[in-house]
Number of protein chains: 2
Amino acid sequence: MVIRYPNGQDYNPNSAGHARKNQRDVIFGNRGMSLEEELNQSNLYYLQQQVAVIHKKPVPIQIVQVDYPRRSAAVIKEAYFKQASTTDYNGVYHGYYLDFEAKETRNKTSFPLNNFHEHQINHMKACVRQAGICFTIIKFSITQELFLLPAATLFEYWDQQTHGRKSIPKKIIADSGFAIAYQFQPLIPYLTCVDKLIENLRNVKGAHHE
Amino acid sequence: MVIRYPNGQDYNPNSAGHARKNQRDVIFGNRGMSLEEELNQSNLYYLQQQVAVIHKKPVPIQIVQVDYPRRSAAVIKEAYFKQASTTDYNGVYHGYYLDFEAKETRNKTSFPLNNFHEHQINHMKACVRQAGICFTIIKFSITQELFLLPAATLFEYWDQQTHGRKSIPKKIIADSGFAIAYQFQPLIPYLTCVDKLIENLRNVKGAHHE
């Protein structure tokens, strides 16, 4: 039976891209895929399995000139990249609004805060105020280590950076966040960490309110 | 005091665009603005007032060629419009994931279903399965009438169209949906209808589960 993804592509668990090997022999992340590609593949899997609906937002573009050649599709002839006013990924999971950014760094011991823009932080703060679940997926590309970092820790380091350090130590990311291990399907099983994050947020709320 | 929107634009209630007039003398929608512009303005207001975080997604574009002129920004020289795989608007409101499409029609008595693509319907169905709140904002442009139509009614008409009618009668939209009256700020106060929609969904759920 051929399973088709909603985008019309075949899903074939026996094809080269999905080769089922002994897990111990494979570092799943290390295939030259960018973090974005890995996440898109994971989100497609989650969508197809009806686990969650998460999409990467298109890159915002300012279109200046469009040609309409006869008998063919409109061609954009002049356009410019605009700065996004939000994060890259959002969607819905078990009734929760998820909103996150994915970032790679070649740093080994910390994650530099200049990977973020002010408006991305402000967007996440606004979403948290609306009870959205916000976080960052950070990949240390040299060691292929992945973490889910809750927005609260990011905000804390972001807000103190004019007087303090300009990066988040990897140890802090590991302690206040969740390590994500690459696996077969989905490649990046980040929703398992989101479950823990939601549980923690609930416990914190419970402690404050009761 | 100058209030600035998060996009850096000034908000000035006394400027021409925001002229405060007697409500009875003004049809707020009838300013030559498209429904998209009206919604973007409303969403900006909701964002600035910290009521909700709803954004229109950028138009997805396939970039083929980019030039990098010296000392200036990258210029996209060849690109094509791609079909979106989701709806246009989503975001978070009081912990709820909202997802909707906005459509205008010049029809007077019904809303033609060919305004939608299959993948938009499938996307909304997937979001509803994840307990997202999905709907359409429909504008009858000749009469400047606005409605919020819950996804359930849209699905019902969509699923029967091969054997039944290819449009949703305006009467059905008015009966199963909510009329939205243009007002001063926000121009389209659709979240008031979303409140009712959420209340109805809760009542239905309550009736089924208890």
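Along each chain, numbering runs from 1 in the same order as the chain's sequence is written. Throughout, the order in which chains and ligands are written sets their labels, letters from A for the former and numbers from 1 for the latter. Only residues with pLDDT of at least 70 are given local features in this predicted model, and only at 80 or more are side-chain atom pairs given and counted; all residues enter the totals for whole chains, interfaces and linings. In computing side-chain values, all of the structure's heavy atoms are included and hydrogens and water are not.

## A few points about the pattern of salt bridges
So, point 1. One speaks of a salt bridge when a side-chain nitrogen belonging to Lys or Arg is within 4 Å of a carboxyl oxygen belonging to Asp or Glu. Counting across every chain of the model gives 10 salt bridges over all chains.
So, point 2. With its nearest N and O atoms 3.7 Å apart, the salt bridge here joins Lys103(A) to Glu101(A).

## Overview of the relation of the copies chain B and chain A
So, point 1. Structural alignment of chain B on chain A gives an RMSD of 0.0 Å, achieved by rotating through 180° and translating 0.0 Å along the axis. Both chain copies can therefore be described as sitting about a two-fold axis.
So, point 2. Two residues form a contact once any of their heavy atoms are found within 4.5 Å. The fraction of interface residues of chain B whose copies in chain A are also interface residues reaches 100%, indicating that both copies meet through the same surface. Our superposition of the copies is a least-squares fit, built on the C-alpha atoms of residues whose pLDDT is at least 70 in both.

## Thoughts on the UniProt feature "binding site: Mg(2+)" (unreviewed entry) in chain A
So, point 1. Look at the UniProt record and you will see "binding site: Mg(2+)" (unreviewed entry) annotated at Thr86(A), Asp88(A), Glu101(A) and Gln120(A). A stretch of 35 residues holds the annotated residues, and the largest C-alpha distance among them is 9.2 Å, short enough that they meet in one place.
So, point 2. By definition, any uninterrupted DSSP run of H or I lasting at least four residues is a helix, any uninterrupted run of E lasting at least two residues is a strand, and each is numbered from the N terminus. Following the sequence through the fold, Thr86(A) ends up in the loop between β5 (75–81) and β6 (89–93).
So, point 3. Once residues lying within four places of it in the same chain are set aside, the contact partners of Thr86(A) are Lys57(A), Glu101(A), Gln120(A), His123(A) and His55(B).
So, point 4. Within the fold, Gln120(A) resides in helix α2 (residues 118–129).
So, point 5. With residues up to four places along the chain from it excluded, the contact list for Gln120(A) reads Thr86(A), Thr87(A), Glu101(A), Lys103(A) and Asn115(A).
So, point 6. Between N or O atoms, a polar contact is any pair within 3.5 Å; within protein, one atom must be a potential hydrogen donor and the other a potential acceptor, and residues adjacent in sequence are included only when both atoms are from side chains. Polar contacts involving the side chain of Gln120(A) include one to the side chain of Glu101(A), which spans 3.4 Å. UniProt positions are given in the numbering used here, feature names are shortened, and annotations may be inferred rather than shown by experiment.

## Brief notes about the UniProt feature "site: Transition state stabilizer" (unreviewed entry) in chain A
So, point 1. Per the UniProt record, "site: Transition state stabilizer" (unreviewed entry) is annotated on Lys103(A).
So, point 2. Contact partners of Lys103(A), with chain neighbours within four places excluded, come to Leu35(A), Phe111(A), Asn115(A), Phe116(A), Gln120(A), Thr136(A), Ile137(A), Ile138(A) and Lys139(A).

## Structural notes on the sheet that holds strand β10 (residues 145–150) of chain B
All names here are of chain B.
So, point 1. For two strands to be treated as a pair, DSSP must find no fewer than two bridges joining them. Taken in spatial order, the six strands of this open sheet run β3-β6-β7-β9-β10-β12, and their pairing is mixed. Whereas interior strands pair on both sides, the edge strands pair on one side only; in this sheet they are β3 (53–56) and β12 (178–180). Pairs of neighbouring strands in the sheet enclose a mean axial angle of 25°, with direction left out of account.
So, point 2. Contacting β7 (96–105) and β9 (133–140), helix α2 (residues 118–129) crosses the sheet at an angle of about 155° to β7.
So, point 3. To get an axis, a line is fitted to the C-alpha atoms, and for a helix only the part in contact is used. The angle between two axes follows their N-to-C directions and goes from 0 to 180 degrees. Taken strand by strand, helix α3 (residues 151–160) contacts β9 and β10, and its axis lies near 80° from that of β10.

## Remarks on the packing of α2(A) against helix α3 (residues 151–159) of chain A
All names here are of chain A.
So, point 1. For the pair α2 and α3, the least separation of the axes is 11 Å and the interaxial angle reads 135°. One element, α2, and the other, α3, form an angle in the oblique class. Two packed elements cross with a definite hand, and for α2 against α3 that hand is left-handed. Taken together, the residues of α3 that come into contact with α2 (itself represented by Glu 118, Ile 121, Met 124, Lys 125 and Val 128) are Ala 151, Leu 154, Phe 155, Trp 158 and Asp 159.
So, point 2. All residues other than Ala, Val, Leu, Ile, Met, Phe, Trp, Tyr, Cys, Pro, Asp, Glu, Lys and Arg, Gly among them, are scored as polar; the first ten of these are nonpolar and the last four charged. When the residues that make up the contact of α2 with α3 are grouped by side-chain class, the tally is seven nonpolar, no polar and three charged. To sort the angles, those under 35 degrees are grouped as roughly parallel, those over 145 as roughly antiparallel, those from 65 to 115 as roughly perpendicular, and the leftovers as oblique. Definitions for this section: a left-handed crossing has its near helix turned counterclockwise from the far helix by less than a right angle. A right-handed crossing has that turn clockwise.

## Examining the packing of aromatic side chains
So, point 1. Geometry of aromatic contacts follows a simple scheme: Phe, Tyr and Trp rings, the Trp one being its six-membered ring, pair when their centres are within 6.5 Å, and the pair is stacked under 30 degrees between planes, edge-to-face over 60, tilted otherwise. For the coordinates displayed, the defined rule picks out 17 aromatic pairs over all chains.
So, point 2. Ring geometry for Phe140(B) versus Phe147(B): centroids 6.0 Å apart, planes at 80°, classification edge-to-face.
So, point 3. Each residue's exposure class comes from its accessible area (1.4 Å probe, protein chains only) as a fraction of the maximum for that residue type: buried when under 20%, exposed when over 50%, partly exposed otherwise. You can call Phe140(B) buried: its relative accessible area is 1%.
So, point 4. On the accessibility criterion, Phe147(B) (6% relative accessible area) is buried.
So, point 5. Each member of the aromatic cluster is reached from another via a ring pair, and the members are Tyr45(A), Tyr46(A), Tyr89(A), Phe100(A), Phe135(A) and Tyr190(A).
So, point 6. Geometry around Phe116(A) places Lys103(A) over its ring, the cationic atom sitting 5.0 Å from the centre. Lysine and arginine charges are scored as sitting over a ring when NZ or CZ, respectively, is within 6 Å of the ring centre and within 35 degrees of the ring normal.

## Quick notes on the interface of chain B and chain A
Buried accessible area, meaning the area lost when the parts come together, often serves as the stated size of an interface.
So, point 1. In this assembly, 37 residues from chain B lie in contact with 37 residues from chain A.
So, point 2. A simple way to read buried area is as the amount of 1.4 Å-probe accessible surface that goes missing from two parts once joined, with both sides added. Of the roughly 2900 Å² buried where chain B meets chain A, counting both sides, 66% is carbon and sulfur surface.
So, point 3. The interface formed by chain B and chain A contains 11 residue pairs in polar contact (both at pLDDT 80 or more).
So, point 4. Those elements giving two or more residues to the side of chain B that touches chain A turn out to be β3, β4 (61–67), β5 (75–81), β6 (89–93) and α2 of chain B.
So, point 5. Among the elements that line the side of chain B that touches chain A, the one with the most residues is β5(B), at seven residues.
So, point 6. The pairing of β5(A) with β5(B) spans two bridges and is antiparallel. In the strand pairing of β5(B), Ala79(A) is matched with Ile76(B).

## A few points about the nonpolar core
So, point 1. In these notes, a set of buried Ala, Val, Leu, Ile, Met, Phe, Trp, Tyr and Cys residues joined through side-chain atoms within 4.5 Å is what counts as a nonpolar core. Membership of the largest hydrophobic core comes to 46 residues, with the highest contact counts inside it found for Leu154(A), Ile173(A), Leu154(B) and Ile173(B).
So, point 2. Contributing elements (two or more residues each) for this core: α2, β9 (133–140), β10 (145–150) and α3 of chain A together with α2, β9, β10 and α3 of chain B.
So, point 3. Not counting residues up to four positions away in its chain, the partners in contact with Ile173(B) are Phe111(B), Ile138(B), Phe140(B), Phe147(B), Leu149(B), Ile168(B) and Phe178(B).

## Remarks on the environment of Lys57(B)
So, point 1. Within the element layout of this structure, Lys57(B) appears in the loop between β3 and β4.
So, point 2. The exposure class of Lys57(B) is buried, given its relative accessible area of 8%.
So, point 3. Linking Lys57(B) and Thr86(B), residues 29 residues apart in sequence, is a C-alpha distance of 9.0 Å.
So, point 4. Apart from the residues within four sequence positions on either side, Lys57(B) is in contact with His55(A), Asn90(A), Thr86(B), Thr87(B), Asp88(B) and Asn90(B).
So, point 5. Here the side chain of Lys57(B) touches Thr86(B) through a polar contact of 3.2 Å, side chain to side chain.

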